[in-house]
Amino acid sequence: MELKLTKQNFEEEVLASKQPVLIDFYADWCGPCKMMAPVVEKLAEEYEGKIKVGKVNIDEELELAQKYRVASIPTFIIFKDGEAKSTYIGAMSAAELTEKIEQILA
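What comes next is a walk through the structure. (Residues numbered from 1 in each chain as written. Predicted model: local features only at pLDDT ≥ 70, side-chain atom pairs only at ≥ 80, totals over all residues. Heavy atoms only, no water.)

### Focus on the packing of helix α2 (residues 31–46) against helix α4 (residues 94–105)
Part 1 of the reasoning: With their axes 10 Å apart at the nearest point, α2 and α4 run at an angle of 40° to one another. When the interaxial angle is binned, α2 and α4 end up oblique. Regarding α2 and α4, the two cross each other, and that crossing is right-handed. Note on element contacts: α4 touches α2 through A94, L97, T98 and I101, opposite M36, V39, V40 and L43. (Axes fitted to C-alpha atoms, helices over the stretch in contact; angles between N-to-C directions. Helix = DSSP H or I, 4+ residues; strand = E, 2+ residues; numbered from the N terminus. Parallel < 35°, antiparallel > 145°, perpendicular 65-115°, else oblique. Left-handed = near helix turned anticlockwise from the far one by under 90°. Contact = heavy atoms within 4.5 Å.)

Printed below as a string of structure tokens:
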């Protein structure tokens, strides 16, 4: 299940999380973001219990987007132990995104 992340729940759901967290920074008007949405949703199901998956709508959460220097979307940031460990920009295949997650879980 994907979490809707906001500045209100970000600390609890991401920074204090015991599990790694994959965050998808997106916007409703972004074509590549729409293309990635089913991929992200599928990974959220496949990795349930191992990694949290959250989405940040940059139009609604501009402060979070600025804090993590999101300049292009989609941007994926993987957090582990409360820190941003990896950042990936742009659409990619499910296999590529899976590989990035596996690197964090290794």
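### Here's the deal with the state of the cysteines
The bond known as a disulfide is covalent and runs between the sulfur atoms of two cysteines.
Part 1 of the reasoning: In total, this model carries one disulfide according to the counting rule given.
Part 2 of the reasoning: Covalent S-S linkage joins C30 and C33, the inter-sulfur distance amounting to 2.3 Å. When the S-S torsion is 80°, as for the bridge of C30 with C33, the disulfide is right-handed. Just as C30 is buried, C33 falls in that class too. (Disulfide = S-S within 2.5 Å. Buried < 20%, exposed > 50% of the residue type's maximum accessible area, 1.4 Å probe, protein only.)

### Comments concerning the nonpolar core
Part 1 of the reasoning: Among the nonpolar cores identified, the biggest contains 20 residues, and F10, I23, F25, Y68 and F79 are the most heavily contacted of them.
Part 2 of the reasoning: Broken down by secondary-structure element, the contributors of at least two residues to this core are α1 (10–15), β2 (21–26), α3 (62–67) and β4 (75–80).
Part 3 of the reasoning: The element that contributes the greatest number of residues to this core is β2, accounting for four residues.
Part 4 of the reasoning: Ignoring any residue separated from it by four or fewer positions in sequence, one finds Y68 in contact with F10, L15, F25, I77 and F79.
Part 5 of the reasoning: Counting residues in hydrophobic clusters, the runner-up holds 16 residues, among them V40, I78, Y88 and M92. (Core = buried A, V, L, I, M, F, W, Y, C linked by side-chain atoms within 4.5 Å.)

### Examining α4
Owing to its 3.6 residues per turn, the α-helix aligns residues three or four sequence positions apart on the same side.
Part 1 of the reasoning: Between its first and last C-alpha, α4 extends 16 Å over 12 residues, near the 16 Å set by a 1.5 Å rise per residue.
Part 2 of the reasoning: Three or more residues of α4 are buried, namely L97, I101 and I104. Down the axis of α4, the sector holding all buried residues measures 55°, keeping them to one side.
Part 3 of the reasoning: For α4, the elements touching its buried residues are β2, α2, β4 and β5 (83–89). (Expected span 1.5 Å × (residues − 1). Arc of directions from axis to C-beta.)

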